[in-house]
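# Geometric and topological summary
Residues per chain are reported as follows:
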Amino acid sequence: MALEAIFLDAGGVLVNPNWARVSEALARRGVVVEPDRLAAAEPHAKRDLDTAERIRATTDQSRGWDYFNLVLGHAGIALSEATDAALVELHDYHRRHNLWEDVPAEVPPALGELRRLGLHLVVVSNSNGTLRAKLERLGLLSAFDLVLDSFELGVEKPDPAIFTLALERSGARAGSTLHVGDFFHIDVVGARAAGLHAWLIDAAGLNADRDCPRFPTLTAVVDAIAAGRP
């Protein structure tokens, strides 16, 4: 069946953490690490988190501390009172504004191409109530037909209920809908449980053992869709 709708995760697909802001918060406390080093460490931190056991035992909010500490560890930064203080500042910023605010250059043209292909575009993201305001601030909100923020719904991925809600509210059918995310046990497992197709953004190529289609970028996803997949 031809695709009718694309569900997209926000973090790791449409937006990335503002690593410059993270670097600056650390530097104010005497911890020097370049943004590029943090960005390079991030896929390894995600891979560490992306296990069935860890996802079942945590929530999106509780994983935040582990995520940033794992990024720092993979970047070669020892955890300390200074790194803890920087993370407190960053979590406060995230609570108010959303730290995932860096838009890769590929994203606007990729969304435009998906729209040109006649697809309905829906964001389905684990977030903290700031998602819609953040997308508007970044100039992305108008690209989507619907935005679902887990905080507002009271249910988060990988619970298939959030995908079922997205299908109901968008009018999409599971069999003709593809979800694209960056966590296997959150995005792929959850979407498949709701009957959707599911693909994984694997920017650093760390997920060759995952049983799903993997793509390095959103542009590569769009190219595959344009070529007739799934």
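Residues numbered from 1 in each chain as written. Predicted model: local features only at pLDDT ≥ 70, side-chain atom pairs only at ≥ 80, totals over all residues. Heavy atoms only, no water.

## Observations concerning the overall build of the chain
- From N to C terminus, the chain includes 11 helices and eight strands.
- By its C-alpha atoms, the chain is 55 × 35 × 35 Å across when sized along the principal axes.
- Each of the 230 residues in the chain was classed as buried or not, and the buried ones make up 49%.
- Contacts in the chain between residues at least 24 apart in sequence constitute 64% of all its contacts with a sequence separation of at least 6.
- With an accessible surface of roughly 10100 Å², the chain has 53% of that area assigned to carbon and sulfur atoms.
- Separation between the mean location of the 23 positive side-chain charges and that of the 32 negative ones in the chain comes to 1 Å. (Helix = DSSP H or I, 4+ residues; strand = E, 2+ residues; numbered from the N terminus. Buried < 20%, exposed > 50% of the residue type's maximum accessible area, 1.4 Å probe, protein only. Contact = heavy atoms within 4.5 Å. Areas by Shrake-Rupley, 256 points an atom, 1.4 Å probe, with all protein chains shown as cover. Lys, Arg positive; Asp, Glu negative; His and termini not counted. Charge placed at Lys NZ, Arg CZ, Asp CG, Glu CD.)

## Section: the pattern of salt bridges
- Under the defined criterion, the tally for this structure stands at 18 salt bridges.
- In this structure, R173 and E4 form a salt bridge, with 2.4 Å as the shortest nitrogen-oxygen distance. You can see R173 sitting in the loop between α9 (160-170) and β6 (177-181) and its partner E4 sitting in the segment before β1 (5-8), a full 169 residues away along the chain.
- Given a relative accessible area of 44%, R173 falls into the partly exposed group.
- Of the charged contacts, one joins D92 and R96 as a salt bridge, the two residues approaching to 3.2 Å between their closest N and O atoms. Residue D92 and its partner R96 are both found in helix α5 (residues 81-96); the two are separated by four residues, about one turn of the helix. (Salt bridge = Lys/Arg side-chain N within 4 Å of Asp/Glu carboxyl O.)

## Some thoughts on the pairing of strand β7 (residues 197-201)
- Within β7, four of the five residues are buried, which leaves it mostly tucked inside the rest of the structure.
- Two strands pair when backbone bridges link them, and β6 and β7 are joined in this way by four bridges, in the parallel orientation. Bridge pairing links G181 to L200 in β7.
- With two bridges connecting them, β7 and strand β8 (residues 214-215) associate as parallel partners. Residue pairing for β8: L200 is matched across the bridge by R214. (Pairing = 2+ DSSP bridges.)

## A look at the side chain of T83
- Within the secondary structure layout, T83 lies in helix α5.
- With a relative accessible area of 0%, T83 lands in the buried category.
- Those residues in contact with T83 that sit more than four places away from it in its chain are L26, V31, L72, I77 and A78.

## Some words on the environment of G228
- With respect to the secondary-structure elements, G228 resides in the segment after α11 (218-226).
- The spatial distance from the C-alpha of G228 to the C-alpha of N69 is 40 Å, given a sequence separation of 159 residues.

## Considering the packing of aromatic side chains
- Summed over the entire model, instances satisfying the criterion amount to five aromatic pairs.
- Residues Y67 and F68 carry aromatic rings whose centres are separated by 4.8 Å and whose planes lie at 80 degrees to one another, so their mutual orientation is edge-to-face.
- Judged by its relative accessible area of 6%, Y67 falls in the buried class.
- Members of the aromatic cluster, connected to one another through ring pairs, are W19, Y67, F68 and W100. (Phe/Tyr/Trp six-rings, centres within 6.5 Å; stacked < 30°, edge-to-face > 60°.)

## Brief notes about the nonpolar core
- Ranked by internal contacts, the top residues of the largest apolar core, which has 55 residues, are I6, L8, L14, L111, F144, V180 and I225.
- Discounting chain neighbours no more than four positions away, the residues touching V180 are I6, F7, L8, D9, V13, W199, I201 and V221. (Core = buried A, V, L, I, M, F, W, Y, C linked by side-chain atoms within 4.5 Å.)

## Concerning the environment of A25
- Along the chain, A25 falls in helix α1 (residues 19-27).
- Look past the residues within four positions of A25 in its chain and what remains in contact with it is A86, E89 and L90.

## So, the sheet that holds β8
- Spatially, β5-β4-β1-β6-β7-β8 is the arrangement adopted by the six strands of the open sheet, whose pairing is parallel. Edge positions in the open sheet fall to β5 (146-149) and β8, since each of these has one partner strand only.
- Sheet topology note: the strand β4 (residues 120-125)/β5 ladder contains four bridges and is parallel. Its bridge partner lying in β5, V122 is registered against L146.
- Sheet strands touched by helix α6 (residues 107-116): β1 and β4. Its angle to β4, the strand with the most contacts, is close to 130 degrees.
- Each of β1, β6, β7 and β8 is contacted by α11, which is oriented at about 145 degrees to β7, the strand it contacts most. (Axes fitted to C-alpha atoms, helices over the stretch in contact; angles between N-to-C directions.)

Shape is all these values report; function is a separate question.
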